[in-house]
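# Coordinates in review
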Amino acid sequence: MSGKARGADPARTIRDFGAAGDDGAKGHYEDPAYYTKTYKDRRHDVDYYVRLARQSKGPVLEYGVGNGRIALHVARAGVEVFGVDLSRPMLDDFQARLALEPKQVRARVALAEGDMREYRLGKRVPLVYAPFNCFLHLYTRPDVEAFLARVRAHLAPGGRFVFDFSVPHGEDLSRDPERTYGSPKIRHPSTGELVKYAERFEYDRLRQLLLIWMEFEPEAGGKPWKVPLTHRQFFPREVEALLHYNGFADIFFTADFTDLPADQWVDSMVVSCGVAPAARRRSPIVRRRAAPPAKKRA
Ligand SMILES: C[S@@+](CC[C@H](N)C(=O)[O-])C[C@H]1O[C@@H](n2cnc3c(N)ncnc32)[C@H](O)[C@@H]1O
């Protein structure tokens, strides 16, 4: 595990977070072994995105590809996948996992370290997706706008942009920031130690930022450490407006990877949209050369 994650300053509060690429966007991804163990049973979204990727026939672009929890299965299903991510440790872990795959699977994956607000693939694809709350690492309106401009530029005509996000729940946002919520002890996959694990939540109502502190305390009495994870909270109608005003149309919301409409108890929503025709004309992948000056008429 990285010393950076272990050394996170416990005195920091939500006010110290909220910039794309800061520790709240990176800390949780410094330790891919822990990430893999934590989400090993999360399969429903993998199956969902693999189905979409197959239907699109590819190639596909995954933002926040991480250590390939989804992309590896997309490649195994025969679809070419481009993955971009900010986290070097996650990408290195994905490369290590890929090295164990057959040659044909390895050949279908291309990875790049980059920021989803800036990265340029240089081609358009029929499916762009940003799974598992990747969108919640966009903390401000300019972050969202920069990202959506990149998505538009990468979508082929008729292509779809699909992402999922946890729907804010009042009770999560009104927790006492001093209170810790404990879970059963775990055997930490990176250190082998038995550790007590708890979470603490701080919410900034003005910036709509939720900071989750993941707190680890070795049972044998070693030094405790904590890892921050910051998620921007987007309300569903806000997401719809952001997409609408940033050149997307044909916007559908469904519930928890079921393709069914959401109800009041939904945990996460899947959003699928396409580029609005007017916005497509404004999103050339390569800037067109200026038209030659009109010939002078006699
Ligand atoms: C919850 S993980 C999802 C990883 C993988 N797609 C999955 O489903 O397991 C979110 C990913 O977004 C990446 N990320 C956060 N901010 C980013 C940014 N500004 N640009 C690119 N990737 C970013 C993180 O490094 C992390 O790997």
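If you're wondering where the values come from, they're calculated on a predicted model, not measured in any experiment.

### Side note on the overall build of the protein chain
- A count of helices and strands for the protein chain gives 11 helices and 11 strands.
- In summary, the protein chain has a C-alpha radius of gyration of 21 Å against a globular reference of 19 Å for 298 residues, a match within 12%.
- Counting every position in the protein chain, which comprises 298 residues, the buried fraction comes to 36%.
- Of the contacts made within the protein chain by residues no fewer than 6 positions apart, 66% connect residues no fewer than 24 positions apart.

### Some words on the nonpolar core
- Ranked by internal contacts, the top residues of the largest apolar core, which has 66 residues, are Val 60, Ala 71, Val 74, Val 81, Tyr 129, Phe 161 and Phe 163.
- In terms of residues, this core owes the most to one element, strand β8 (residues 209–218), which gives six residues.
- Both domains that meet at this core, namely domain 1 (3–30 + 170–232) and domain 2 (42–166 + 235–281), each give it at least three residues.
- Not counting the four nearest positions on each side in its chain, Phe 161 is found in contact with Val 128, Val 151, Leu 155, Phe 248 and Cys 273.

### Digging into the site of the ligand
- Around the ligand lies a shell of 22 residues, among which Gly 64, Gly 66, Arg 69, Ser 87 and Phe 132 are the nearest.
- For the shell around the ligand, the per-class residue count stands at 12 nonpolar, six polar and four charged.
- Here the shell around the ligand spans two domains, since at least three of its residues come from each of domain 1 (3–30 + 170–232) and domain 2 (42–166 + 235–281).

### So, the pairing of strand β4 (residues 125–130)
- Sheet analysis places strand β1 (residues 60–63) next to β4, joined by three bridges and oriented parallel. Paired with Val 60 across the strands is Leu 127, a residue of β4.
- Bridge count between β4 and strand β5 (residues 155–166): five bridges; the pairing is parallel. Pairing of Val 125 across the sheet is with Leu 155, part of β5.
- For the handedness criterion, the β-α-β arrangement of β4, helix α8 (residues 141–154) and β5 is classed as right-handed.

### Thoughts on the pairing of strand β11 (residues 268–275)
- Here six bridges tie β5 to β11, and the two strands are oriented antiparallel to one another. Each bridged residue has a counterpart across the sheet, and for Phe 163 the counterpart in β11 is Val 271.
- As paired strands, strand β10 (residues 248–255) and β11 are joined by six bridges and run antiparallel to one another. Across the sheet, residue Thr 254 finds its bridge partner in β11, namely Val 270.

### Section: the sheet that holds β8
- What the four strands build is an open sheet, ordered β6-β7-β8-β9; its pairing is antiparallel. Strand pairing shows two members of the sheet lacking a second neighbour, β6 (181–187) and β9 (225–232), which therefore form its edges. Shown here is a sheet whose adjacent strand axes are inclined to one another by a mean of 25°, direction ignored.
- As judged from the five bridges shared by β6 and strand β7 (residues 194–204), these two strands associate in the antiparallel manner.

### Brief notes about helix α6 (residues 88–98)
- Taken residue by residue, α6 has Pro 89, Met 90, Leu 91, Asp 93 and Phe 94 as its buried positions.
- Those residues of α6 that are buried lie in contact with α3 (32–38), β2 (81–85) and β3 (109–113).

### Here we look at the confidence of the model for the protein chain
- Taken over all residues, the pLDDT of the protein chain has a mean of 92, while the share at 70 or more is 91%.
- Long-range and interchain partners of residues 1–5, a stretch whose pLDDT sits below 50, account for 13 contacts in this model, where long-range means more than four residues apart.
- Considering only residues more than four positions removed or in separate chains, one finds that residues 286–291, a stretch of pLDDT under 50, has zero contacts.

### Looking at the environment of Pro 184
- The topology assignment puts Pro 184 in strand β6.
- As for Pro 184 and Ala 276, which are separated by 92 residues in sequence, their C-alpha atoms are 48 Å apart.

### Topic: the sheet that holds β10
- Pairing in this open sheet of seven strands is mixed, and the strands run β3-β2-β1-β4-β5-β11-β10 from one edge to the other. Pairing within the sheet leaves two strands with one partner each, and these edge strands are β3 and β10. The average undirected angle you get between the axes of adjacent strands in this sheet is 15°.
- In the packing of helix α4 (residues 44–56) onto the sheet, contacts are made with β1, β4 and β5, and the angle to β4 comes to roughly 165°.

Thresholds, definitions, all that
Residues numbered from 1 in each chain as written. Predicted model: local features only at pLDDT ≥ 70, side-chain atom pairs only at ≥ 80, totals over all residues. Helix = DSSP H or I, 4+ residues; strand = E, 2+ residues; numbered from the N terminus. Rg over C-alpha atoms; globule rule 2.2 N^0.38 Å. Buried ≥ 20, exposed ≤ 12 C-beta atoms within 10 Å, placed from the backbone. Contact = placed C-beta atoms within 7 Å. Core = buried A, V, L, I, M, F, W, Y, C linked by C-beta atoms within 7 Å. Domains from an automatic or database assignment. Near = placed C-beta within 6 Å. Nonpolar A, V, L, I, M, F, W, Y, C, P; charged D, E, K, R; others polar. Pairing = 2+ DSSP bridges. Right-handed = clockwise from strand over helix to strand, strands pointing away. Axes fitted to C-alpha atoms, helices over the stretch in contact; angles between N-to-C directions. pLDDT = per-residue confidence, 0-100.

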